[in-house]
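Structural description and commentary
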Amino acid sequence: MNALLHGRLTGLLALAAVIAVLPAFLPNNFYLDIAILAGFNAVVCVGLNLLIGYAGQISLGHAGFFGIGAYASGVLVGVYGWPPALALLAGAVFVGLLAFLVAKPILRLKGHYLAMATLGIGIIVSIVLRTESGLTGGPDGMMVEPFKIFGVELYGEKVWYWVVGVLLVGVVWLSLNLIDSPMGRALRAVHGSEVASEVVGVDTARFKVLVFVLSAVFASVAGSLFAHYAGLITPAKADFFKSIELVTMVVFGGMASTFGAVVGAVVLTLLPQALTVFQDYQQIVLGGILMATMVFMPKGLLPTLAALLPARRRA
Amino acid sequence: MFAELLQYLLSGLTIGAIYALAGLGFSIIYNASHVINFAQGEFIMIGGMASATLTASGVPLPLAIMIGCGGAMLVGVLVAKFAVERARNASTVTLIIITIGASIFLRGIAELVWGKDFKRLDAFSGETPIQILGASMQPQSLWVVGTAGVLIVAIGLFFARTLTGKAILATSHNRLAAQLVGIDVKRVVLASFALSAALGAIGGAVVAPITFSYTEMGIMLGLKGFTAAVLGGLGHGPGAVAGGLIVGIAEALGAGYISSAYKDAVAFVIILAVLLFMPNGLFGKRGTERV
């Protein structure tokens, strides 16, 4: 137990250290911007990883939750004049409730039904965002006001880098605690064999619902903050492809590995930047990565690499 | 009033026939391998794109459709052999991710081969609308509904009368037992992918004159085929066909009477409602799971 705790803290400290020293190596705001985007993706992926890696469920609509958060902030602040923090909270509560209402009946079923339901929610959300142009600006998107709290305005890449950094460390810390809690062990049992864990008295459906709600709320909060950071949001941020991209990040980095999810998010955020040179191949590369990861290293990048290091148990 | 309703029903039936074919494709593969094949829509796209581009370069239409169909079958077998089969014992989540990867990959290849433009395929027998009780129907719609009908009946006979069809059914009921009585279950999986690909590609070719062909045409058609299959109870063939027709008609009615902007949302609203209230679909059996 002590060793486990130790391993957990080491990883968290390592992540915090990387985040702390990284800006020194980033020559300008362009790179800082990419780091911030990677950070937002990582926050969503850490939550999604709890669902995919620990509850053995897949969401094909997480970008929809991200989009609801983003547009809740955009619309409530911009159109109705709410304070940004309250709008963020409202978005998160709404997403949490939505996730709860949908998941409660559906997660009693196995495997693909949650995939279907989340796929549906994601597509409906992106259609609503495209269509209700009076509020959302339609396909062109909408401008979002900067985030203000206690009279302080968060502005510029340098400030947002630290906001996202702290958020990411917080989310990772929360996930690691969750995984090591009795509930986390129950979740791993759920992934192993659902029927078996039910037989030994684990209320599998309840845990799965909780994880799903939590991961949806992470996505919503990330969406809200992203909206304020970027200043412009479009329905593309909420569509099916974005959802698939998020799933790709999680499985590439490593299912059931919190740091894997972070690594996956960072690598796949950087990749399109590197790939713009040959943009025509972007889909082939993305699809190829998805298939190849699942076929050749089904555990994902980080756990596979960790297994190559002898005498070190993965955290 | 009545003519309007009839008009919506006819267009719903047309698109519903394509959803039914796609849904049937999902069900066949699901039965043989418990894989949800998200690349089903790409089979439709291959059929549509191949027949549109080949006829444009002078290949006769029937030959173009056959080439498209053969190409899609080959792609289906390759996906089954090199991606799905290698991850044989993987979880549902892993298999879903593999087929999603395959669909994105195939779209990327298609864009490289055919470009991003919309391709036009002439209607098979002219464009003079047929008048039925005040509603008008494109002759191509008859081609779509007729072809789908023939294919669905053929699939039914295939499963009921042929040895290969029965082998696929046996595998879907109990893989191990099927293996024990000498059925080559690996070949069954390959055959099911080839069969679904053929269904998709032919569907894509007949619907192409109505929808145009483009590399992303398979996304929505495929996803709605999936909702059709889930609606009818995943793995239940006739259910998938009924599901496809229901989705198609509901969509046309929704577009006509409620809002055309929300046309694409209709299928997903239905599926959410069904999942919340009757999770095994309209015709599916209650499932149990072994430890």
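Everything quoted here is computed from the prediction, not taken from an experiment. (Residues numbered from 1 in each chain as written. Chains lettered and ligands numbered in written order. Predicted model: local features only at pLDDT ≥ 70, side-chain atom pairs only at ≥ 80, totals over all residues.)

Let's talk about the UniProt feature "transmembrane region" (unreviewed entry) in chain A
All names here are of chain A. Our working definition: UniProt positions are given in the numbering used here, feature names are shortened, and annotations may be inferred rather than shown by experiment. Only DSSP runs of H or I covering at least 4 residues are called helices, and only runs of E covering at least 2 are called strands; the numbering of each starts at the N terminus.
Under the local residue numbering, the UniProt record ascribes the feature "transmembrane region" (unreviewed entry) to residues 30-51, 63-82, 88-106, 113-129, 159-179, 209-230, 250-272 and 284-309. Here residues 88-106 runs as 100% helix and 0% strand, with 27 Å between its end C-alpha atoms. Between the end C-alpha atoms of residues 113-129 the distance is 24 Å, and the span holds 100% helix and 0% strand.

As for the interface of chain B and chain A
Quite often, the size of an interface is put as the accessible area lost when its parts meet. Threshold: A residue pair is marked as a contact if its C-beta atoms, positioned from the backbone, fall within 7 Å. Residue polarity follows a fixed list, in which Ala, Val, Leu, Ile, Met, Phe, Trp, Tyr, Cys and Pro are nonpolar, Asp, Glu, Lys and Arg are charged, and the others, Gly among them, are polar.
Contacts between chain B and chain A engage 37 residues on the former and 38 residues on the latter. Where the side of chain B that touches chain A is concerned, the elements lending two or more residues are helix H4 (92-114), helix H9 (217-231) and helix H11 (263-277) of chain B. At 16 residues, H4(B) tops the list of elements feeding residues into the side of chain B that touches chain A. The residue makeup of the side of chain B that touches chain A, split by class, is 27 nonpolar, five polar and five charged.

A few points about unusual backbone geometry
Working note: non-glycine residues mostly have negative phi, and peptide bonds are mostly trans. Positive phi outside glycine occurs at A:Ala256, with the angle close to 65 degrees. Inspection of the secondary structure assignment puts A:Ala256 in the loop between helix H11 (240-253) and helix H12 (258-275).

Regarding the packing of helix H3 (residues 61-84) of chain B against H4(B)
All names here are of chain B. For clarity, the threshold we go by: To obtain each axis, a line is fitted to C-alpha atoms, and for helices this fit is confined to the stretch in contact; angles are then taken between N-to-C directions over 0 to 180 degrees. Under this scheme an angle from 65 to 115 degrees is roughly perpendicular, one under 35 degrees roughly parallel, and one over 145 degrees roughly antiparallel; angles in between are oblique. By definition, turning the near helix anticlockwise from the far helix through less than a right angle yields a left-handed crossing, and turning it clockwise yields a right-handed one.
Where H3 contacts H4, the axes come no closer than 11 Å and their chain directions differ by 135 degrees. With respect to their mutual orientation, H3 and H4 come out oblique. As for how H3 packs across H4, the hand of that crossing is right-handed. Residues Val 75, Val 79, Ala 83 and Val 84 of H3 form the contact with H4, whose own contacting residues are Leu 95, Ile 98, Ala 102 and Leu 106. Class assignment of the residues belonging to the contact of H3 with H4 gives a composition of eight nonpolar, no polar and no charged.

Observations regarding the packing of H11(A) against helix H13 (residues 282-296) of chain A
Residues and elements named next belong to chain A. Direction vectors running N to C along H11 and H13 enclose 40 degrees, while the axes themselves pass 10 Å from each other. Classed by the angle they form, the pair H11 and H13 counts as oblique. Here H11 and H13 pass one another in a crossing that is left-handed. Facing Thr 248, Val 251 and Phe 252 of H11, the residues of H13 in contact are Leu 286, Ile 289, Leu 290, Thr 293 and Met 294. Here the residues of the contact of H11 with H13 are counted per class, giving six nonpolar, two polar and no charged.

So, the UniProt feature "transmembrane region" (unreviewed entry) in chain B
Residues and elements named next belong to chain B. The positions UniProt marks with the feature "transmembrane region" (unreviewed entry) are residues 6-30, 65-84, 91-110, 142-160, 188-211, 241-259 and 265-283. In residues 6-30, the share of helix is 100% and the share of strand is 0%. The end C-alpha atoms are 34 Å apart. Measuring from the first to the last C-alpha atom of residues 241-259 gives 25 Å, for a span that is 95% helix and 0% strand.

Structural notes on the confidence of the model for chain B
Low-confidence regions, as indicated by low pLDDT, have predicted coordinates that should not be scrutinised in detail. Residues and elements named next belong to chain B. As a reminder of what qualifies: Per-residue confidence from the predictor is given as pLDDT, running between 0 and 100.
On average, chain B scores 89 in pLDDT, and the residues at 70 or more come to 96%. Within chain B, no element has a lower average pLDDT than strand E2 (residues 135-137), which sits at 83, and none a higher one than helix H2 (residues 40-56), at 95. Low pLDDT, under 50, characterises residues 287-291; the predicted model gives this stretch seven contacts beyond four residues in sequence or across chains. For this predicted complex, the interface confidence reaches an ipTM of 0.86, while the overall pTM sits at 0.88.

Looking at helix H2 (residues 29-54) of chain A
All names here are of chain A. The cut-off we apply is this: What a helix is expected to span follows from its residue count: subtract one and scale by 1.5 Å. Burial in this document is a count-based property: other C-beta atoms within 10 Å of a residue's C-beta are tallied, and the residue is buried at 20 or more, exposed at 12 or fewer, or partly exposed in between, with C-beta positions derived from the backbone.
With 26 residues, H2 should reach 38 Å at 1.5 Å per residue; the first-to-last C-alpha distance of 36 Å fits that figure. H2 sits mainly inside the fold: 19 of its 26 residues count as buried. The positive-phi residue at the C-terminal boundary of H2 is Gly 56, with phi of around 65 degrees.

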